[in-house]
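Descriptive analysis of the structure
Listed here are the chains, written in short residue letters.
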Amino acid sequence: MNLFPLAQDPLDRFCLDPAAEVRAPRALIQRTVVVIMSVHIVALGSECPGGVGPGDETTGPGQIQGGLLWSYLGHGARELDPNSVTPSRHPLNPAFMEYQSRVFGDVRVMVRDCPSWDLLDSDWASVRSVLEQADIVVIKYSVNDKLAFQQVRNVYAPRLRPLLRHWGVPVILVAVGARLNDEGPPCTCPLCASDWSSCVPHSEGLQLSRDLGATYLELPSLNNFFVGRYFGSVLEYFMIQCLKQKAKERPDKRRGHRFNEPRPPHLDQPARLPPVRVEESSFSQDLQWLLERGVQFADVAFYAGDSGKELGWAHASVLCAVSPYFRQLLVGRQAWERPVSRCTCRDRDGPHSLLSTWDGGIDDLPRADGHPPGHLSRLVVKDPLLCLCLWETLMFLYRGAWEWEYLEEAIAEKLKNPLAVAQLMDRIRSFVGREKAPRDTPTPRSQQGPLTLGSLFNSPLYSDVIFMVQGSVLPAHRAVLVARCDVMAAMFSGKYAEARSRVVPIHGVSSDTFLAFLEYLYTDTCCPASVLQAMAVLVCAEMYQVKRLQHLCEVCVCAYLQSMPSRELASTGISVIRLLKRAKCHNADQLYVWLLHFIANNYLIFSHKPDFLELSDEEREQVERLRWPSRGYLQELSEYQQRRRQIRKSRCSIM
């Protein structure tokens, strides 16, 4: 099966074989090579597994003569200095080995080969000058050296991509070698994934070629068939296209371009925008603090079934959000309508009774410091193992009911009985509604992190406070608010009117913004729909001193602005200058610095807007210092265009 349609072109038969030269259209070759008789090829990378490290001997004669391009050029390839024992080196960068040959009869092929990527780090400026002279670039790697491929993809490809696209040089990406297969002979099928852990798969090589704008080839071996038929046909196609392009240029024009034509100024890439960092989530730690020190807002009390001793306090809102067992036990019907004991585990085939409500029903819990009384649910713990490990169980539930290994270690350290530990772990799994799974079974993705209180968000279930925001009624839970927000902890715990009132009015914030703020407190996530909403939530987070939410909003603003194309950024009604002012006013330091760099990187867009004059002298000085493109480049560009106009006028006068 012919994989490359290029092989059907009659020009693909040009090679070093004299018989093939006779069959080729000699007239076309001579017409192509009259003007210029050389093609410069730059080869990067090694087709051998392991390549050449920085401490190894670089490219001996044996290694060059066994390479891809040397195999293609055949016996006509020779060193530049035939009297030298070692391969010839490039004068600007010794990392490149030079050798040459002749193809198509009179066309000289100059090859500069650098098999080690590490050697390019020594002098990147000289590497750039070598690449600038290239007519064709060949990038090689071994499919059995995944580490070297990842280094090329992650480190060197991003540096080469803008240069290759700027110069428009054709690039050939060659994957050499056969992928190993333990079940049989080497497999060269692109769909074979048996060795993806140690070899470079076809999809990754193809993706790299798309990123570089290169032609992708796979050569299972460096024999005459694959090198001459597949690689040779593609390389010869690009060489012929290069020679045709050079033949179209007039000699006097090329000479003038080489000596008299001014070179365009080099435009550097814009500076990288500073990163915006977000703290790690403290959701589990906040709820742990609530269990340890939030007794003031507790509304569930646990008692031992045999002695009636008080075991601990908890919060019904948290228990119902995390555990369906407690949700059925506490919320099945209204607690004050249950005068008799009720238990949810009375199945004969299931485990024996673990918890039940107090026979006396529900009492009002008196609050200290004038706080309004709340309903107290009393639960009797009938299981002796659960009585001993109730604190560890509650801590596990409050931290998100996902740290099973730590729970099992804590229970094993306290009970000292493997059988009792296994029994109690099964009963705790019934709390969260999770069946016991085999050890080898992977944990579902939904259970790989802590459970949040999303089911309680904007829900009247066990709500003990109502926020009135612009006429909207937003129910909430004091225990969650106190655990997640220090300002609200002081507001509901101190001698303030909010601590004694069930209805709390909120001023200066819209209902949508405050609802998004409450959503973060319950779910630990923030997803604003626009830049303006993200800034509004940022202001609310700064008002209540929730730093992590403020930084998340900063990330959202940066992501929205960075995703806008230049045309939309120039026509949008969002004033980035005013966003900068608001960020500075509300102590969003990371966003403030990021916006300054963003304005500087898009200087030509923002400098023409009227609000650009609202920048302070210090801000404008910093933007001018970081602006892209710089003043020096614009001045060089103006001088370059002026010289080109003068050259055109002189040519027209001569004609």
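Parameters at a glance
Starting afresh in each chain, residues are numbered from 1 along the sequence in its written order. Local features in this predicted model are restricted to residues of pLDDT 70 or higher, and side-chain atom pairs are both shown and tallied only at a pLDDT of 80 or more, whereas totals for entire chains, interfaces and linings draw on every residue. Note that water and hydrogens are dropped before the side-chain values are worked out from all heavy atoms of the structure. Where helices and strands are cited, they refer to DSSP runs of H or I of at least four residues and of E of at least two residues respectively, numbered from the N terminus. When a residue's accessible area, from a 1.4 Å probe over protein chains only, is under 20% of the maximum for its type it is buried; when over 50% it is exposed; and in between it is partly exposed. We call two residues in contact whenever any of their non-hydrogen atoms come within 4.5 Å of each other. Residue burial considers only the protein chains on display, and all accessible areas are found by Shrake-Rupley using a 1.4 Å probe. We call Phe, Tyr and Trp rings a pair once their centres come within 6.5 Å, taking the six-membered ring for Trp, and we label the pair stacked below 30 degrees between planes, edge-to-face above 60, and tilted otherwise. Whether a charge lies above a ring is judged from NZ of Lys or CZ of Arg, which has to be within 6 Å of the ring centre and within 35 degrees of the ring normal. Along the arc lie the directions from the helix axis toward the C-beta atoms. Throughout this description, a polar contact denotes any pair of N or O atoms lying within 3.5 Å of each other; where both atoms belong to protein, one of them has to be capable of donating a hydrogen while the other can accept it, and for residues adjacent in sequence the pair is counted only when both atoms sit in side chains. Paired strands, in this sense, are two strands between which DSSP finds at least two bridges. Lines fitted to the C-alpha atoms define the axes, with helices restricted to the stretch that makes contact. Angles between their N-to-C directions range from 0 to 180 degrees. By convention in these notes, a salt bridge is any Lys or Arg side-chain nitrogen within 4 Å of a carboxyl oxygen on Asp or Glu. Each angle is binned into one of four classes, with values under 35 degrees roughly parallel, values over 145 roughly antiparallel, values of 65 to 115 roughly perpendicular, and all other values oblique. Side-chain classes follow a simple rule in which Ala, Val, Leu, Ile, Met, Phe, Trp, Tyr, Cys and Pro form the nonpolar group, Asp, Glu, Lys and Arg form the charged group, and the remainder, Gly included, forms the polar group. Patch rule: a residue counts if its relative accessible area is over 30% and it has no salt bridge; like charges are joined within 9 Å, and nonpolar side chains (Val, Leu, Ile, Met, Phe, Trp, Tyr) within 5 Å. Think of it this way: Lys and Arg go in the positive column, Asp and Glu in the negative one, and His and the chain ends go nowhere. Here the site of a charge means NZ on Lys, CZ on Arg, CG on Asp, or CD on Glu. Remark: nonpolar core denotes a set of buried residues (Ala, Val, Leu, Ile, Met, Phe, Trp, Tyr, Cys) joined through side-chain atoms within 4.5 Å. For crossovers, right-handed means that the path from the first strand over the helix to the second runs clockwise, given strands pointing away from the viewer.

Observations concerning the overall build of the protein
Within the protein one finds 28 helices and 16 strands. The proportion of buried residues among the 655 residues of the protein is 46%. The contacts in the protein between residues at least 6 apart in sequence include a share of 68% that link residues at least 24 apart. Total accessible area computed for the protein in this model is approximately 34,400 Å², and 53% of it derives from carbon and sulfur atoms.

Let's talk about the packing of aromatic side chains
The relative placement of two aromatic rings is captured by the distance of their centres and the angle of their planes. Across all of its chains, the model carries 16 aromatic pairs by this definition. Ring geometry for F517 versus Y544: centroids 5.1 Å apart, planes at 25°, classification stacked. Pair noted here: F517 is in helix 20 (residues 511-523) and Y544 is in the loop between helix 21 (531-543) and helix 22 (547-562), with a separation of 27 residues, a long-range link. We note that F517, like Y544, is buried. Linked through ring pairs, F467, F514, F517 and Y544 together constitute an aromatic cluster. Over the face of the ring belonging to W404 we find R429, whose NZ or CZ atom lies 5.4 Å from the ring centre. Its end group placed over the ring of Y520, R484 keeps NZ or CZ at 5.1 Å from the ring centre.

A closer look at helix 12 (residues 324-331)
Listed as buried for helix 12 are Y325, F326, L329 and L330. Angularly, the buried residues of helix 12 cover 105° about the axis, an arc narrow enough to put them on a single face. Capping the start of helix 12, S323 holds a side-chain oxygen 3.2 Å from the backbone nitrogen of Y325, two or three residues further along.

Notes on the pairing of strand 1 (residues 38-44)
The buried fraction of strand 1 amounts to seven of the seven residues, a majority that puts the element mostly inside the structure. Neither face of strand 1 is exposed, since S38, H40, V42 and L44 on one face and V39, I41 and A43 on the opposite face are all buried. The pairing of strand 1 with strand 5 (residues 107-114) spans seven bridges and is classified as parallel. Bridge pairing links S38 to R108 in strand 5. Sheet analysis places strand 1 next to strand 6 (residues 136-142), joined by four bridges and oriented parallel. When the bridges of strand 6 are listed, A43 appears paired with V138.

Brief notes about the sheet that holds strand 15 (residues 472-476)
Across the sheet, three strands lie side by side as 15-14-16; this open sheet has mixed pairing. Both edges of this open sheet fall to strand 15 and strand 16 (503-506), since each of them pairs with a single strand only. For this sheet, the mean angle separating the axes of adjacent strands, direction not counted, is 30°.

Looking at the pattern of salt bridges
Counted by the stated rule, this structure contains 17 salt bridges. As a salt-bridge pair, R548 and D524 come within 3.2 Å of each other at their nearest N and O atoms. Linking R548 in helix 22 with D524 in the loop between helix 20 and helix 21, this pair joins segments that are 24 residues apart in sequence. The network of salt bridges with common partners includes D286, R484, D524 and R548.

Notes on the packing of helix 14 (residues 390-398) against helix 15 (residues 404-415)
One way to put it is that helix 14 packs onto helix 15 with a least axis distance of 10 Å and a crossing angle of 170°. Judged by the angle between their axes, helix 14 and helix 15 are roughly antiparallel. Taking contact as the criterion, the partners of E392, T393 and F396 in helix 14 are, on helix 15, W404, L407, A410 and K414. For the contact of helix 14 with helix 15, the residue count by class is four nonpolar, one polar and two charged.

Notes on the environment of V480
Of note, V480 is situated in helix 17 (residues 478-484). Remark: the alpha-carbon pair of V480 and L521, spanning 41 residues in sequence, is separated by 7.5 Å. Excluding residues that lie within four positions of it along the chain, V480 makes contacts with S317, L453, L521 and Y522.

Describing a negative patch on the surface
Judged by side-chain charge, E405, E408, E409 and E413 come together as a negatively charged surface patch. As for its position among the elements, E405 is in helix 15. Note on E405: relative accessible area 63%, which makes it exposed.

A look at unusual backbone geometry
Residue P629 is bonded to the preceding W628 through a cis peptide linkage, with omega at -5°. The backbone of K416 sits at a positive phi, close to 60°, despite the residue not being glycine. Position of K416 relative to the elements: it lies in the loop between helix 15 and helix 16 (418-432). Here K416 falls in the exposed class, since its relative accessible area comes to 65%.

Here's the deal with the nonpolar core
Within the largest apolar cluster, 110 residues are counted, with the highest numbers of intra-cluster contacts made by F302, F467, M488, F492, F514, F517 and L561. No other element matches the eight residues that helix 25 (residues 589-601) contributes to this core. Discounting chain neighbours no more than four positions away, the residues touching L561 are V531, L569, V576, L579, W594, L595 and F598. Formed by 31 residues, the second largest nonpolar core is a distinct cluster that contains V103, I172, F226 and I240.

Describing the pairing of strand 6
Of all seven residues making up strand 6, seven are buried, and the element is well covered by its neighbours. In strand 6, alternate side chains face the same way, and those of I136, V138, K140 and S142 on one face and V137, I139 and Y141 on the other are all buried. Note that strand 6 and strand 7 (residues 171-176) share six bridges and pair parallel. Looking at strand 7, one finds that K140 is bridged to V174. Of the crossover connections in this fold, the one passing from strand 6 over helix 6 (residues 146-167) to the parallel strand 7 is right-handed.

A look at the environment of L456
Considering the arrangement of structural elements, one finds L456 in the loop between helix 16 and strand 14 (465-469). In this structure, the C-alpha to C-alpha distance between L456 and C320, residues 136 residues apart in sequence, is 8.6 Å. Beyond its immediate stretch of four places on either side in the chain, L456 contacts S317, V318, A321, L461, H477 and Y522.

A few points about the side chain of D145
One can find D145 in the loop between strand 6 and helix 6. Here A148 takes part through its backbone nitrogen, which lies 3.3 Å from a polar atom of the side chain of D145.

A look at the packing of helix 12 against helix 16
In helix packing, the relevant descriptors are the interaxial angle and the interaxial distance, both defined with respect to the helix axes. Packing of helix 12 against helix 16 brings their axes to within 4 Å, and their N-to-C directions diverge by 65°. In terms of orientation, helix 12 and helix 16 fall into the roughly perpendicular class. Taken together, the residues of helix 16 that come into contact with helix 12 (itself represented by P324, Y325 and F326) are S430, F431 and V432. For the contact of helix 12 with helix 16, a count of residues per class yields five nonpolar, one polar and no charged.

Describing helix 14
Counting buried positions along helix 14 gives eight out of nine residues, so the element sits mostly inside the fold. By the burial criterion, the buried members of helix 14 are L390, E392, T393, L394, M395, F396, L397 and Y398. Looking one or two residues past helix 14, G400 carries a phi angle of roughly 115°, positive in sign.

Don't take any of this as a statement about function, it's just geometry.
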